[in-house]
Amino acid sequence: MRFYRLSVSDRTQTEKRQNSQRLDLRKEHVQPPFLLCSYVRRSNNGPGFVPGTSTDQFDPGALDIQFQITQTSLTTFEEGGGDAAITIRGVDISTINQASNLVGKTVSLQAGMGRGLPLSNPKQIGEILRGTVRGSVGNWVGTDLSLTLYVANYVIPPDHQAAQIAPELHPHDATQPPVDNYQFHCTQGGDLVTAVRTALSHVNPTYKIIIDEKGPIPCSEDGFGIYRTFKDLCVAIGKFWYQQTGSEILITAQGDAFRVMNQARRMHPIPIRFEELIGQPSWNGPVDISFTCPMRGDIQVGDIVQLPNVGSNAYGVIGGSGTDALYVPKSRSLFSGNFYVGRITHLGQFRSPDGQQWATTFHCWPAYQKESASQ
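The rules behind these values
- Residues numbered from 1 in each chain as written.
- Predicted model: local features only at pLDDT ≥ 70, side-chain atom pairs only at ≥ 80, totals over all residues.
- Heavy atoms only, no water.
- Pairing = 2+ DSSP bridges.
- Helix = DSSP H or I, 4+ residues; strand = E, 2+ residues; numbered from the N terminus.
- Axes fitted to C-alpha atoms, helices over the stretch in contact; angles between N-to-C directions.
- pLDDT = per-residue confidence, 0-100.
- Contact = heavy atoms within 4.5 Å.
- Disulfide = S-S within 2.5 Å.
- Buried < 20%, exposed > 50% of the residue type's maximum accessible area, 1.4 Å probe, protein only.
- Expected span 1.5 Å × (residues − 1).
- Core = buried A, V, L, I, M, F, W, Y, C linked by side-chain atoms within 4.5 Å.
- Parallel < 35°, antiparallel > 145°, perpendicular 65-115°, else oblique.
- Nonpolar A, V, L, I, M, F, W, Y, C, P; charged D, E, K, R; others polar.
- Salt bridge = Lys/Arg side-chain N within 4 Å of Asp/Glu carboxyl O.
- Phe/Tyr/Trp six-rings, centres within 6.5 Å; stacked < 30°, edge-to-face > 60°.

Chemist: I'm lost on the sheet that holds strand E3 (residues 39-42) in this one. Help?
Modeler: The antiparallel open sheet is built from 3 strands, whose spatial order is E4-E3-E5. If you trace the sheet from one side to the other, it starts and ends with strand E4 (49-51) and strand E5 (57-58), each paired once.

In structure tokens:
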């Protein structure tokens, strides 16, 4: 069955829960997080049910949520990179009235396929979005009450939130933090890896910085810039990295970490089973393909996936003599081999009867193309 777990909480509350296994809400004078889940379990403190995990019981009365999230490397000039709009339908009037109070809160969205279907795999469930609410609006049309959250793709520190919520505005309030918060500085002869780590650590000091290049990589020239947005900073870092090394990098925000990955690296590919494909992979360009699976969050941008190479007589398809080619599209993938994941699109409409409305589309290119280009 379709699984989602959406939580909206204050950043300080999240840190307290991570530092303590049990939190007395009355003692701490904080409110519990805004938590929705499509799976429930029996409460240990009394009758009724509480939000559960993907291996618990499916809740047929779970609220309807809709979202479309595009994940891509922040070093590209494409729009997106994780920013999303999440609509929750069926909320009560008190939630609508308090919609503006959710601005600045931390959002975590996990999605996938939970227990209950032959092809479900709870291990493929993952966090597809963690970030900060830029805007929150409530709508009341007829009998339909809905709440829409506009979420950034990473957790914005409180001292940066005022500039990030509406970066196009320029208020005259002296207490407003400056818009140009993002800086990159690498001196000639300095270590490029250290410079990238320093720049990203200033974006959010609580985030882990994962760089697969251990370095040092000496810079042949000075590099310095001040940027208005996090996206602009990452684009500049990617361009400067390519100038210095000749290879491209990916910068993504995943969970509580910023990942910097070299596209020329090799890693163990993640296998994609034939029965997990929705339709056939298709061409998007000269070397770009895309394929669709049921919703899954275990694959990230920069990973390598392995598409199956299944024989023409597999899965019960029996071809007559000399006619096996007629059955190939039904019994095997048109593409096989290893592919880099360059962009991921998650489309979720929880109440839609269409299976493609709870799916993930991966946009990829052959692994050898990027490896040969970067050498």
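Chemist: Help me understand the sheet that holds strand E15 (residues 257-262), please; the structure alone is not making it clear to me.
Modeler: Strand-to-strand pairing in sheets goes through backbone hydrogen bonds, with the strands running parallel or antiparallel. Taken in spatial order, the 3 strands of this open sheet run E12-E15-E14, and their pairing is mixed. A single partner strand is all that each edge strand has here, and the edge strands are strand E12 (208-211) and strand E14 (249-254). Across the sheet, the axes of successive neighbouring strands diverge by a mean angle of 15 degrees, strand direction being ignored. Both E12 and E15 contribute to a ladder of 4 bridges, which runs parallel. Across the sheet, the residue bridging to Ile 211 is Val 260, located in E15.

Chemist: What is the right way to look at the confidence of the model for the protein chain in this model?
Modeler: If pLDDT is low for a region, its predicted coordinates should not be looked at in detail. When pLDDT is averaged across the protein chain, the result is 80; 78% of the residues are at 70 or more. Here residues 164-179 is modelled with pLDDT under 50, and outside its nearest four sequence neighbours on either side it reaches 23 contacts, counting other chains as well. Within the model, pLDDT remains below 50 along residues 312-328, and this stretch shows 18 contacts once partners closer than five positions in the same chain are excluded.

Chemist: Would you mind showing me how to read the state of the cysteines here?
Modeler: Here, the word disulfide means a covalent bond between the sulfur atoms of two cysteines. A full pass over the atoms with the stated rule returns 1 disulfide. Note on cysteine connectivity: Cys 186 is disulfide-linked to Cys 219, with sulfurs 2.5 Å apart. On the sign convention where negative is left-handed, the bridge of Cys 186 and Cys 219, at about 90 degrees about the S-S bond, is right-handed. Of the two residues, Cys 186 is situated in strand E11 (residues 182-186) and Cys 219 in the loop between E12 and strand E13 (223-227); the sequence distance between them amounts to 33 residues. Residue Cys 219 is classed as buried on the basis of its relative accessible area of 5%. Cysteine Cys 293 is unpaired, with the sulfur of Cys 364 as its nearest cysteine sulfur at 9.4 Å. Taking the relative accessible area as the measure of exposure, Cys 364 reaches 1% and is therefore buried.

Chemist: It is not clear to me how helix H6 (residues 230-245) should be interpreted in this structure. Could you clarify?
Modeler: The α-helix winds at 3.6 residues per turn, so residues separated by three or four positions along the chain end up facing the same way. The terminal C-alpha atoms of H6, which comprises 16 residues, lie 22 Å apart, in line with the 22 Å expected from a rise of 1.5 Å per residue. Regarding H6, the residues found buried are Phe 230, Lys 231, Leu 233, Cys 234, Val 235, Ala 236, Ile 237, Gly 238, Phe 240, Trp 241 and Gln 244. Tucked into the core, H6 has its buried residues touching E11, helix H5 (192-203), E13, E14 and E15. Gly 246 sits one or two positions beyond H6 and adopts a positive phi of about 80 degrees.

Chemist: Got a minute to help me understand the nonpolar core in this structure?
Modeler: Across soluble globular proteins, you tend to see nonpolar side chains buried next to one another. Counting 32 residues, the largest nonpolar core has Phe 184, Leu 192, Val 196, Phe 230 and Ile 237 as the members making the most contacts within it. Mapped by element, the contributors of at least two residues to this core are E11, H5, E12, H6, E14 and E15. Among residues more than four places away in sequence, those in contact with Phe 184 are Leu 192, Ala 195, Val 196, Ala 199, Gly 223, Phe 224, Gly 225, Tyr 227, Leu 233, Ile 237 and Phe 240.

Chemist: Any chance you could explain the packing of H5 against H6 here in plain terms?
Modeler: For any two helices packed against each other, the geometry comes down to the angle between their axes and how far apart the axes lie. It is the contact of H5 with H6, at a shortest axis distance of 12 Å, that shows an interaxial angle of 175 degrees. Relative to H6, the element H5 is oriented roughly antiparallel. Together, Leu 192, Val 193, Val 196, Ala 199, Leu 200 and Val 203 of H5 and Phe 230, Leu 233, Ile 237, Phe 240, Trp 241, Gln 244 and Thr 245 of H6 make up the contact between the two elements. The class makeup of the residues in the contact of H5 with H6 is 11 nonpolar, 2 polar and no charged.

Chemist: For this particular structure, what's the right way to read the pattern of salt bridges?
Modeler: If the charged atoms of two oppositely charged side chains come close together, the side chains can form a pair. On inspection of all chains with the given rule, the structure shows 7 salt bridges. Glu 276 is the partner of Arg 273 in a salt bridge, and the nearest nitrogen-oxygen pair spans 3.1 Å. Classification of Arg 273 as partly exposed rests on a relative accessible area of 38%. On the accessibility criterion, Glu 276 (8% relative accessible area) is buried.

Chemist: Help me understand the packing of aromatic side chains in this model?
Modeler: How two aromatic rings sit relative to each other is given by the distance of their centres and the angle of their planes. All chains considered together, the criterion is met by 14 aromatic pairs. Taking 5.1 Å as the distance between ring centres and 85 degrees as the angle between the ring planes, the aromatic pair formed by Tyr 4 and Phe 350 counts as edge-to-face. In this pair, Tyr 4 is assigned in strand E1 (residues 2-9) and Phe 350 in the loop between strand E20 (337-349) and strand E21 (358-366), connecting sequence segments 346 residues apart. By the burial criterion, Tyr 4 is buried, and Phe 350 matches it. Seen from their ring centres, Tyr 182 and Phe 230 are 6.3 Å apart, and the 40 degrees between their planes marks the pair as tilted. Residue Tyr 182 is located in strand E11, and its partner Phe 230 is located in helix H6; the two are separated by 48 residues in the primary sequence. Relative accessible area serves as the criterion here: at 2%, Tyr 182 is assigned to the buried category.

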